[in-house]
Amino acid sequence: MLVTTPAIVISALKYGEADLIVKAYTYSDGLKTYMLKGVLKSKKGKFKASQFQLLTQLEIVANHRNQGKMEYLKDAKVLHTYTSLHTNMVKGAMLMFLAEVLKNAIREEETNPQLFNYLENSLMWLDLNDKIANFHLLFLLNLTRYLGFYPDVAFKNQNYFNLLDGVFEMNSINNYCREGQNVAILRQLLGINFDTLNEVKLNQQSRSNFLSMLLLYYELHIEGFKKPKSLAVLNEIFS
């Protein structure tokens with residue numbers, strides 16, 4: 001079926017000498033993989049490699065067969081031209097990290113408009129704002145809402161957060177219960193939006209520790225999820 005849909009580039013892998021394999025999260029059909037023939041060598045083709053930089057927002061035309069195989073693009077154009085995401089070194093490191101998380105976390109080939117809108121709006125906010133040191137923390141926390149394991153906030157004033165069950169507990173009941181500063185930061189982030197994120201004051205060590213807890217939370221709730229290789233680069237940027 002021929003589909004015209006917004007899409008967000010999750011990854012672009014060189015294949016052979018001239019081809020690209022692009023994973024994109026589409027509004028119409030969830031995660032899709034496309035083969036782009038000759039895009040790295042052709043100067044006159046309809047596609048340019050620069051269109052498929054990480055987390056670029058596109059409008060694509062594609063023939064979706066929906067058989068779990070690679071699809072083929074018929075057309076693509078940049079839907080939102082970023083002003084800073086691909087030129088700012090700090091934002092570039094964050095972009096690399098977020099794209100790797102999304103590649104590991106999103107598996108479904110089915111439409112999820114709420115998730116797509118969240119990604120679209122979050123990336124636009126990141127592009128237009130400069131105070132972003134804690135952006136990835138709130139981004140990952142809020143992303144769990146759309147992936148199905150957002151923390152239960154019913155008893156958020158309890159001392160412990162149970163990573164395994166995603167609930168706050170009065171006592172530690174397993175090896176995945178956490179307390180102290182990480183849980184305090186979690187409480188601060190629950191329910192806020194990006195515009196008020198700057199009110200959460202964290203130093204590098206606190207930020208790094210909380211991120212480690214968040215990534216463990218992902219590992220426990222997404223089968224096969226692995227810590228992003230770009231984590232070291234991100235930590236270095238914010239050290």
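Because the structure is predicted, anything quoted here is derived from the model rather than measured. (Residues numbered from 1 in each chain as written. Predicted model: local features only at pLDDT ≥ 70, side-chain atom pairs only at ≥ 80, totals over all residues. Heavy atoms only, no water.)

Asks: Let's hear about the packing of helix α4 (residues 181-189) against helix α5 (residues 204-221): which residues, and what values?
Replies: It is at 10 Å that the axes of α4 and α5 come closest, and there the two elements cross at 85°. It follows from the interaxial angle that α4 and α5 lie roughly perpendicular. In this structure, α4 contributes Gln-181, Asn-182, Ile-185, Leu-186 and Leu-189 to the contact, and α5 contributes Ser-206, Asn-209, Phe-210 and Met-213. (Axes fitted to C-alpha atoms, helices over the stretch in contact; angles between N-to-C directions. Helix = DSSP H or I, 4+ residues; strand = E, 2+ residues; numbered from the N terminus. Parallel < 35°, antiparallel > 145°, perpendicular 65-115°, else oblique. Contact = heavy atoms within 4.5 Å.)

Asks: Account for the UniProt feature "domain: DNA replication/recombination mediator RecO N-terminal" (unreviewed entry) in the protein chain, naming residues and giving values.
Replies: Mapped onto this numbering, the UniProt entry gives "domain: DNA replication/recombination mediator RecO N-terminal" (unreviewed entry) at residues 1-82. Secondary structure content for residues 1-82 is 0% helix and 55% strand, while the C-alpha to C-alpha distance between its ends is 30 Å. (UniProt positions renumbered as here; feature names shortened; annotations may be inferred.)

Asks: Hey, could you go over the side chain of Thr-33 for me, with residue numbers and the actual values?
Replies: Tracing the backbone through its elements, the reader meets Thr-33 in strand β3 (residues 30-36). If sequence neighbours within four positions are ignored, Thr-33 has contacts with Ile-21, Val-22, Lys-23, Lys-69, Met-70 and Glu-71.

Asks: Describe the packing of helix α3 (residues 135-147) against α5, naming the residues involved and giving the relevant values.
Replies: Two elements in contact, α3 and α5, have axes whose closest approach is 10 Å; the angle formed by their N-to-C orientations is 20°. Judged by the angle between their axes, α3 and α5 are roughly parallel. Of the two elements, α3 crosses α5, and the hand of that crossing is left-handed. When α3 is examined against α5, the residues His-136, Leu-137, Leu-140, Leu-141, Leu-143, Thr-144 and Leu-147 are found in contact with a partner set consisting of Arg-207, Phe-210, Leu-211, Leu-214, Leu-215, Tyr-217 and Tyr-218. Here the contact of α3 with α5 is composed, by residue class, of 11 nonpolar, 2 polar and 1 charged. (Left-handed = near helix turned anticlockwise from the far one by under 90°. Nonpolar A, V, L, I, M, F, W, Y, C, P; charged D, E, K, R; others polar.)

Asks: Please give an account of the pairing of β3 that cites residues and values.
Replies: For β3, a buried count of 7 out of 7 residues is recorded, marking the element as mostly surrounded by other parts of the structure. As defined by bridge partners, strand β2 (residues 19-26) adjoins β3 across 7 bridges and the pair is classed as antiparallel. Of the residues in β3, the one forming a bridge with Thr-26 is Gly-30. Taking the residues that link successive antiparallel strands as the turn, the β2-β3 hairpin has 3 residues. (Buried < 20%, exposed > 50% of the residue type's maximum accessible area, 1.4 Å probe, protein only. Pairing = 2+ DSSP bridges.)

Asks: Go over the domain arrangement of the protein chain, please, and point to the residues and values.
Replies: By domain assignment, the protein chain separates into domain 1 (1-81) and domain 2 (84-238). A straight line from the C-alpha centre of domain 1 to that of domain 2 covers 27 Å. Taken together, the contact pairs 21 residues of domain 1 with 22 residues of domain 2. Each partner contributes to the roughly 1900 Å² buried at the junction of domain 1 and domain 2, and carbon and sulfur atoms together form 66% of this total. (Domains from an automatic or database assignment. Buried area = accessible area lost by both parts, 1.4 Å probe.)

Asks: Report on the sheet that holds strand β8 (residues 177-178), specifying residues and quantitative values.
Replies: Strand pairing in a sheet takes place through backbone hydrogen bonds and is either antiparallel or parallel in direction. The strand order across the open sheet built from 3 strands is β7-β6-β8, with neighbouring strands paired in antiparallel fashion. The open sheet has two edge strands, β7 (167-169) and β8, and neither has a second partner. In this structure, strand β6 (residues 160-162) lies alongside β7, joined through 3 bridges in antiparallel fashion. Note that in β7 the partner of Tyr-160 across the bridge is Glu-169. Packing of α4 onto the sheet brings it into contact with β6, β7 and β8, and relative to β7 it is tilted by some 130°.

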